[in-house]
Amino acid sequence: MDYRSLGKKGPEVSAMGLGCMGMSGMYGPSDRDESIATIHAALEAGITLFDTGDFYGMGHNEMLLGEALKGRRDNALISVKFGALRGPDGSWSGYDARPEAIKNFVAYSLQRLGVDHIDIYRPARLDSQVPIEETVGAIADLVKAGYVRHIGLSEVGADTIRRAAAVHPISDLQIEYSLISRGIEAEILPTCRELGIGITAYGVLSRGLLSGHWQLDKLAQGDFRAISPRFQQGNVEQNLTLVEALRKVADARGASVAQVAIAWVMAQGEDIVPLIGARKRERLSESLKAFELELGADDLAAIEQAVPADAVAGERYPAAQLKDLDSERTTA
Ligand SMILES: NC(=O)c1ccc[n+]([C@@H]2O[C@H](COP(=O)([O-])OP(=O)(O)OC[C@H]3O[C@@H](n4cnc5c(N)ncnc54)[C@H](OP(=O)(O)O)[C@@H]3O)[C@@H](O)[C@H]2O)c1
């Protein structure tokens, strides 16, 4: 495993992180024992960065991760997102990043995780009612009190990143980045680079679409992909033709589609750490082999020719969720 500093002021992390969201229902049912075995396999492979959110399964994901890390806490850095509000039926009802809410959220997260501090704590989305300075200031108080080590951001745009970084050092921005989600390249990535903020990239496999394993009939109820535009009939067929074009490049390198998609993201800069959403050991071990794939300029060109930046059909979120993404607003 390779290790690198997450941004100029962040912790040293493994060059690949494990995203645990899919282990708590966001992609349909998952197997608890296999999820825990996958977290253990990640630790054994040298992965140190584990991402969760207090709203993934309404606390389920934190409890699962806490259980899996019992006795191994010192080998792990835990990244927690907060602020997304949910109902008992799993519905989503906005965001809350007020200082008093943050104090409450962190108290519950520490209990569920069974830890005395969180390594990176971040608002899942910008709360449009609360200036980012107040949110970051409240997390900075938690840093001072020892409950949090580093402050991260998620899905925010350049202006918000600058305002946040003026209050307290930001270790990383968590944001979607893949061959078919390249929106950060214009403004957000350069801003992070200027300010010495790392990127923890999610959706590197576009939630399985770009994995080479996706089957058209696979959607279960409650699966995010059932409402994701890129998986809808009329779009998914076109998107899978991109995957088949990528498969030809992968075959020529003796690699899998997922490995090429991950290696492409890793090749975009040492400041970008992919968070892989594996929830089975088999998928994790496939992803880890991306480290063995050195992509040269010819490979990168062939990959980008197979999957041109603007060839994807459908937005990365449904309209109702897209409007909550500060990262989709431009500062110009
Ligand atoms: N900040 C944010 O707004 C935000 C949003 C979303 C996610 N995240 C974080 O980022 C993490 C990763 O995101 P993601 O879920 O979108 O990840 P992803 O890696 O793009 O997709 C994961 C999906 O791809 C499937 N898959 C197929 N082949 C795979 C392989 N070789 N390795 C890994 N997965 C493979 C998985 O498998 P199976 O279906 O076979 O299990 C799973 O359903 C999440 O767990 C979460 O922690 C953050």
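Residues numbered from 1 in each chain as written. Predicted model: local features only at pLDDT ≥ 70, side-chain atom pairs only at ≥ 80, totals over all residues. Heavy atoms only, no water.

## Overview of the sheet that holds strand β4 (residues 49-53)
Here comes step 1: Sheet architecture is closed into a barrel: 8 strands sit in the order β3-β4-β5-β8-β9-β10-β11-β12, paired in parallel fashion. The mean inter-strand angle of the sheet, taken between neighbouring strand axes irrespective of direction, is 30°.
Here comes step 2: In the sheet, β4 pairs with strand β5 (residues 77-82) via 5 bridges, with the strands oriented parallel. Counterpart to threonine 52 in the pairing with β5 is valine 80.
Here comes step 3: Docked against the sheet, helix α6 (residues 188-195) engages β10 (170-176), β11 (198-202) and β12 (272-276), running at close to 165° with respect to β10. (Pairing = 2+ DSSP bridges. Helix = DSSP H or I, 4+ residues; strand = E, 2+ residues; numbered from the N terminus. Axes fitted to C-alpha atoms, helices over the stretch in contact; angles between N-to-C directions. Contact = heavy atoms within 4.5 Å.)

## Some points on the pattern of salt bridges
Here comes step 1: Tallying each qualifying case throughout the model produces 24 salt bridges.
Here comes step 2: The shortest N-O distance in the salt bridge between glutamate 304 and arginine 182 comes to 4.0 Å. Separated by 122 residues along the polypeptide, glutamate 304 in helix α10 (residues 297-306) and arginine 182 in the loop between β10 and α6 bring together distant segments of the chain.
Here comes step 3: Salt-bridge contacts for aspartate 326 lead to arginine 329; the nearest nitrogen and oxygen are separated by 3.3 Å.
Here comes step 4: By relative accessible area, which is 8% here, aspartate 326 ends up buried.
Here comes step 5: Overall, the relative accessible area of 43% leaves arginine 329 in the partly exposed class.
Here comes step 6: Taken together, the shared-partner salt bridges connect Glu155, Glu176, Arg316 and Glu328 into one network. (Salt bridge = Lys/Arg side-chain N within 4 Å of Asp/Glu carboxyl O. Buried < 20%, exposed > 50% of the residue type's maximum accessible area, 1.4 Å probe, protein only.)

## Focus on the pairing of β5
Here comes step 1: Within β5, 6 of the 6 residues are buried, which leaves the element mostly enclosed by the surrounding structure.
Here comes step 2: Across the two faces of β5 the burial is the same, with Leu77, Ser79 and Lys81 and Ile78, Val80 and Phe82 all buried.
Here comes step 3: Read as a crossover between parallel neighbours, the route from β4 over helix α2 (residues 60-68) to β5 is right-handed.
Here comes step 4: Here β5 runs beside strand β8 (residues 118-123); their pairing, made up of 4 bridges, is parallel. Its bridge partner lying in β8, valine 80 is registered against tyrosine 121. (Right-handed = clockwise from strand over helix to strand, strands pointing away.)

## Brief notes about the side chain of arginine 182
Here comes step 1: The class for arginine 182 is buried, based on a relative accessible area of 18%.
Here comes step 2: Polar contacts involving the side chain of arginine 182 include one to the side chain of glutamate 185, which spans 2.9 Å.
Here comes step 3: Arginine 182 has contacts with Tyr177, Trp264, Glu304 and Ala309, leaving out every residue within four places of it along the chain. (Polar contact = N/O pair within 3.5 Å; in protein donor to acceptor, adjacent residues only side chain to side chain.)

## Some remarks on helix α9 (residues 281-288)
Here comes step 1: Among the residues of α9, Leu284, Glu286, Ser287 and Leu288 are the ones counted as buried.
Here comes step 2: Tucked inside the fold, the buried residues of α9 contact β3 (17-19), α1 (32-44), α8 (257-266) and β12.

## A short note on the site of the ligand
Here comes step 1: If you check the shell around the ligand, you find 33 residues, and the closest are Tyr27, Asp51, Arg125, Arg279 and Ser287.
Here comes step 2: Serine 154 has a polar side-chain atom sitting 2.9 Å from a nitrogen atom of the ligand.
Here comes step 3: Between the ligand and arginine 283, the relevant distance is 3.1 Å, taken from an oxygen atom to a side-chain nitrogen or oxygen of the residue.
Here comes step 4: The fraction of the free accessible surface of the ligand (890 Å²) that becomes covered by protein chains is 98%.
Here comes step 5: Contributing elements (two or more residues each) for the shell around the ligand: β12 and α9.
Here comes step 6: Here the element with the most residues in the shell around the ligand is α9; it accounts for 3 residues. (Near = heavy atom within 4 Å. Areas by Shrake-Rupley, 256 points an atom, 1.4 Å probe, with all protein chains shown as cover.)

## Description of the packing of aromatic side chains
Here comes step 1: Scanning all chains against the criterion turns up 7 aromatic pairs.
Here comes step 2: Ring centres 4.9 Å apart and planes at 75° place the aromatic pair phenylalanine 55 and tyrosine 56 in the edge-to-face group.
Here comes step 3: When its relative accessible area of 7% is taken as the criterion, phenylalanine 55 is described as buried.
Here comes step 4: Following the ring pairs from residue to residue traces out a cluster consisting of Phe55, Tyr56 and Trp92.
Here comes step 5: The aromatic ring of tryptophan 92 is capped on one face by arginine 86, whose charged end is 3.8 Å from the ring centroid.
Here comes step 6: The aromatic ring of phenylalanine 224 is capped on one face by arginine 207, whose charged end is 4.1 Å from the ring centroid. (Phe/Tyr/Trp six-rings, centres within 6.5 Å; stacked < 30°, edge-to-face > 60°. Lys NZ or Arg CZ within 6 Å of the ring centre and 35° of its normal.)

## Some details on the nonpolar core
Here comes step 1: If you look at the biggest cluster of nonpolar residues, it comprises 89 residues, and the most contacted ones within it are Leu18, Ile39, Phe50, Tyr121, Leu153 and Leu173.
Here comes step 2: Looking at this core, the element that brings in the most residues is α8, giving 9 residues.
Here comes step 3: With near-sequence residues (within four places) excluded, phenylalanine 50 lies in contact with Leu18, Ile39, Ala42, Leu43, Leu65, Ala76, Leu77, Ile78 and Ser79.
Here comes step 4: Formed by 12 residues, the second largest nonpolar core is a distinct cluster that contains Tyr56, Phe224, Leu322 and Leu325. (Core = buried A, V, L, I, M, F, W, Y, C linked by side-chain atoms within 4.5 Å.)

## Notes on unusual backbone geometry
Here comes step 1: Backbone geometry places serine 206, a non-glycine residue, at a positive phi of 50°.
Here comes step 2: Looking at where serine 206 falls in the secondary structure, it is placed in the loop between β11 and α7 (236-252).
Here comes step 3: Residue serine 206 is classed as buried on the basis of its relative accessible area, which comes to 3%.
Here comes step 4: Backbone geometry places arginine 207, a non-glycine residue, at a positive phi of 60°.
Here comes step 5: Residue placement: arginine 207 occurs in the loop between β11 and α7.

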